[in-house]
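Results of the structural survey
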Amino acid sequence: MTETGPAAPRAQNGAAPSAEPARARRRLAILGATGSIGRSTIDVVRSHGGAERYEVTALTAHSNAEALAEAARTLRAARAVVADEAAYPALKAALAGSGVEAAAGAAAAAEAAVGAEWVMAAVVGAAGLPSVLAAARSGADLALANKEALVCAGDLMLEAMAEGGGALLPVDSEHNAIFQCLEQDQTQAVERLILTASGGPFRDWPLERMAAARPEEALRHPNWSMGAKISIDSATMANKGLELIEAARLFRMGPERLEVVVHPQSVVHSLVGYADGSVLAQLGAPDMRTPIAYALGWPRRVASPAPRLDLAAIGRLDFEAPDERRFPALRLAREALSAGGAAPLVFNAANEVAVAAFLAGAVSFLQIAEIIERSLEASDLTAPSDLAAVFSADEAARAAAKGLIAA
Ligand code: NDP
Ligand code: MG
């Protein structure tokens, strides 16, 4: 496997790259190893030397014991952890004779990555917060896919990263693109960050058709293959809303300097605009294995098994302004970001509840944004002062959203 190109800049949080000890395998852990990002991470790790190059200290999942055990065997992981204790017997049985230690429970899942040098945080939703915070505090370089943790508890997460001293490496394709385009000694010259959005499966649907959209239609993303929750978020554009908040936290930019442009081909992953009028973009095939490889190799570049971009075959790249009338979740996220306090947390919690209800057939597609809006109106938006306050505000917002659905 080749490692080419000049060293990339330091992480945006200022941490120096952790030195890889000569000939020692790098210790890594994957939180949410059975999901879409988890599986893509395993693919990248395998194609970059697998267990020869990496010592996998832990893999976690919620309850999918079989898939977790298989991944743990493949990567010769030391430990496999299911957050759901009910899945422990199945995990233990599936790991019999493998030499991989089985563990279960929320506390074991939260602490699983501690001791690793590089951690992929790919649990879906605010449920990932305890494990992301523990990994941040541990000093590991943190490859962050879980945007919800950063949206809910941005300050706590950045504090935990500073305390640990590891590098925060954005995996979300837009933020990874921006990270790649930021000239670290020129941050004062950055005018704006431009996030691209595919527009999702309903980009050109009229509102009346969106009103009757079924979960299987919303799950059918035109460009990306992803987990169910983020696929629905892409269809409502709540995903781009979460990403605006994520960008504000990661790159410490005010909402007035964050733009969204719809780009249906998902080839330009995001852009950085500078004071001289230059705009730098990162391009690639829509495949998460590229940003994952960037985060894994950082500060170098390593090969990834993602397909290569063929611009002549694509032919054209289109751009258009987002339509916040048909995609009100984007407007609500922007308002939540400007309001600050607990508003981003409430936006996220209400969205998670509404998406689960939509997937269960309990609410319609357009009701997802309505539930977010009404939950924001009904909630206390005082900024939570610590982690306990984050959890209780999150719980209260979920209860408010569930109350709206039941009503
Ligand atoms: P998936 O739904 O495919 O996978 C979620 C993973 O999280 C699974 O491994 C699941 O385990 C695990 N999990 C769920 N709850 C818990 C818990 N309480 N404790 C431990 N593990 C848990 O999601 P994605 O891979 O699509 O997304 C993961 C994150 O990455 C999300 O935050 C998403 O926004 C972000 N992201 C995803 C992208 C994508 O292309 N998929 C792109 C950019 C960001 P189990 O299988 O047992 O349920
Ligand atoms: Mg994204």
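The coordinates are above.
Residues numbered from 1 in each chain as written. Chains lettered and ligands numbered in written order. Predicted model: local features only at pLDDT ≥ 70, side-chain atom pairs only at ≥ 80, totals over all residues. Heavy atoms only, no water.

Now for the overall build of the protein chain. Looking only at helices and strands, the protein chain features 19 helices and 13 strands. For a compact globule of 407 residues, the expected C-alpha radius of gyration is about 22 Å, and the protein chain comes in at 20 Å, within 12% of that figure. Summarising its shape, the C-alpha atoms of the protein chain cover approximately 55 × 55 × 45 Å along the three principal directions. By sequence separation, contacts in the protein chain at least 24 residues apart represent 69% of the contacts at least 6 residues apart. Accessible surface computed for the protein chain: about 16,500 Å², of which carbon and sulfur atoms make up 51%. Averaged over its 36 positive side-chain charges, the protein chain has a centre that lies 5 Å from the centre of its 47 negative ones. (Helix = DSSP H or I, 4+ residues; strand = E, 2+ residues; numbered from the N terminus. Rg over C-alpha atoms; globule rule 2.2 N^0.38 Å. Contact = heavy atoms within 4.5 Å. Areas by Shrake-Rupley, 256 points an atom, 1.4 Å probe, with all protein chains shown as cover. Lys, Arg positive; Asp, Glu negative; His and termini not counted. Charge placed at Lys NZ, Arg CZ, Asp CG, Glu CD.)

Another aspect to go through is the pattern of salt bridges. Pairs can form between side chains of opposite charge whenever their charged atoms are close. Enumeration according to the criterion identifies 22 salt bridges in this entry. The residue D323 makes a salt bridge to R326 at a minimum N-O spacing of 2.9 Å. Since its relative accessible area comes to 14%, R326 is described here as buried. Linked through salt bridges whose partners overlap, the residues forming this network are K147, D172, E174, K240 and E243. (Salt bridge = Lys/Arg side-chain N within 4 Å of Asp/Glu carboxyl O. Buried < 20%, exposed > 50% of the residue type's maximum accessible area, 1.4 Å probe, protein only.)

Taken together, 24 residues are adjacent to ligand 1, and T34, S63, N64, E148 and G227 come closest. The backbone of V124 places a nitrogen or oxygen atom 3.5 Å from an oxygen atom of ligand 1. Contact with the protein chains covers 86% of the free accessible surface of ligand 1, which is 910 Å². Elements supplying a minimum of two residues to the shell around ligand 1: α1 (36–47) and α7 (147–152). (Near = heavy atom within 4 Å. Polar contact = N/O pair within 3.5 Å; in protein donor to acceptor, adjacent residues only side chain to side chain.)

Reading across the sheet, the seven strands line up as β5-β4-β3-β2-β6-β7-β8 and stay open at both edges, with parallel pairing between neighbours. Pairing within the sheet leaves two strands with one partner each, and these edge strands are β5 (101–104) and β8 (168–170). The average undirected angle you get between the axes of adjacent strands in this sheet is 15°. Bridging between strand β2 (residues 26–31) and strand β6 (residues 118–121) involves four bridges; their strand directions are parallel. Opposite L28, over in β6, you have W118 as the bridge partner. Its contacts with the sheet place helix α6 (residues 129–138) against β2, β6 and β7 (141–144), and it is angled at close to 150° to β7. (Pairing = 2+ DSSP bridges. Axes fitted to C-alpha atoms, helices over the stretch in contact; angles between N-to-C directions.)

Applying the stated criterion to the full structure yields four aromatic pairs. Between the aromatic rings of F179 and Y294, the centroid separation amounts to 6.1 Å while the plane-to-plane angle is 85°, which identifies the pairing as edge-to-face. Highlighted residues: F179 in helix α9 (residues 173–181) and Y294 in helix α14 (residues 289–297), separated in sequence by 115 residues. Per residue, the accessibility class of F179 equals that of Y294, and both read buried. An angle of 35° between the planes, with centres 4.2 Å apart, marks the rings of F202 and W205 as tilted. (Phe/Tyr/Trp six-rings, centres within 6.5 Å; stacked < 30°, edge-to-face > 60°.)

What follows concerns the side chain of S304. If you trace the backbone, S304 turns up in the loop between β13 (301–302) and α15 (311–314). In this view, S304 contacts R289, T290 and A293; residues no more than four positions away in its chain are not counted.

Now for the sheet that holds strand β9 (residues 190–197). Judged by pairing direction, the sheet is mixed, and its four strands sit side by side in the order β10-β9-β11-β12 without closing on themselves. If you trace the sheet from one side to the other, it starts and ends with β10 (258–262) and β12 (279–283), each paired once. Averaged over all neighbouring strand pairs, the angle between strand axes comes to 20°, with direction disregarded. In this sheet, strand β11 (residues 268–274) lies alongside β9 in antiparallel orientation, the contact comprising five bridges. Of the residues in β11, the one forming a bridge with V190 is Y274.

There is a patch of like negative charges on the surface, built from E183, D185, E191 and D276. According to the relative accessible area criterion, D185 is exposed, its value standing at 59%. (Patch = residues over 30% accessible without salt bridge, like charges linked within 9 Å, V, L, I, M, F, W, Y side chains within 5 Å.)

A word on empty space enclosed by the protein. Here the structure, examined in full by the defined rule, presents two cavities of 30 Å³ or more. Counted as a void, the largest cavity has a volume near 60 Å³. Breaking the lining of the largest cavity down by element, the ones donating at least two residues are α9 and α14. Here the lining of the largest cavity is built from residues that sort into three nonpolar, six polar and one charged. (1 Å grid on protein atoms, 1.4 Å probe; cavity = no way out; pocket = protein on both sides within 12 Å on 5 of 7 lines; lining within 4 Å. Points joined across faces, edges and corners; volume = space filled by probe spheres on them. Nonpolar A, V, L, I, M, F, W, Y, C, P; charged D, E, K, R; others polar.)

Time to look at the nonpolar core. Core analysis: the biggest nonpolar cluster contains 90 residues, and L142, F347 and F365 have the highest contact counts within it. It is helix α17 (residues 343–359) that contributes the most residues to this core, 11 residues altogether. Once residues within four sequence positions are removed from consideration, F365 is found in contact with F202, M210, A213, A218, A235, T236 and F358. One finds I30, W118, A122 and W224 within the second-largest nonpolar core, a separate group that totals 43 residues. (Core = buried A, V, L, I, M, F, W, Y, C linked by side-chain atoms within 4.5 Å.)

A word on α14. For α14, a buried count of eight out of nine residues is recorded, marking the element as mostly surrounded by other parts of the structure. Along α14, the positions that sit buried rather than exposed are R289, P291, I292, A293, Y294, A295, L296 and G297.

Moving on, we come to the environment of M237. Within the secondary structure, M237 is located in the loop between α12 (228–236) and α13 (238–251). Judged by relative accessible area, M237 falls into the buried class, the value being 3%. Along the chain, M237 and E324 lie 87 residues apart, while their C-alpha atoms are 9.2 Å from each other. Sequence-distant contacts of M237, that is, excluding residues within four places in its chain, are made with A197, G199, V262, P322, F327, A329 and L330.

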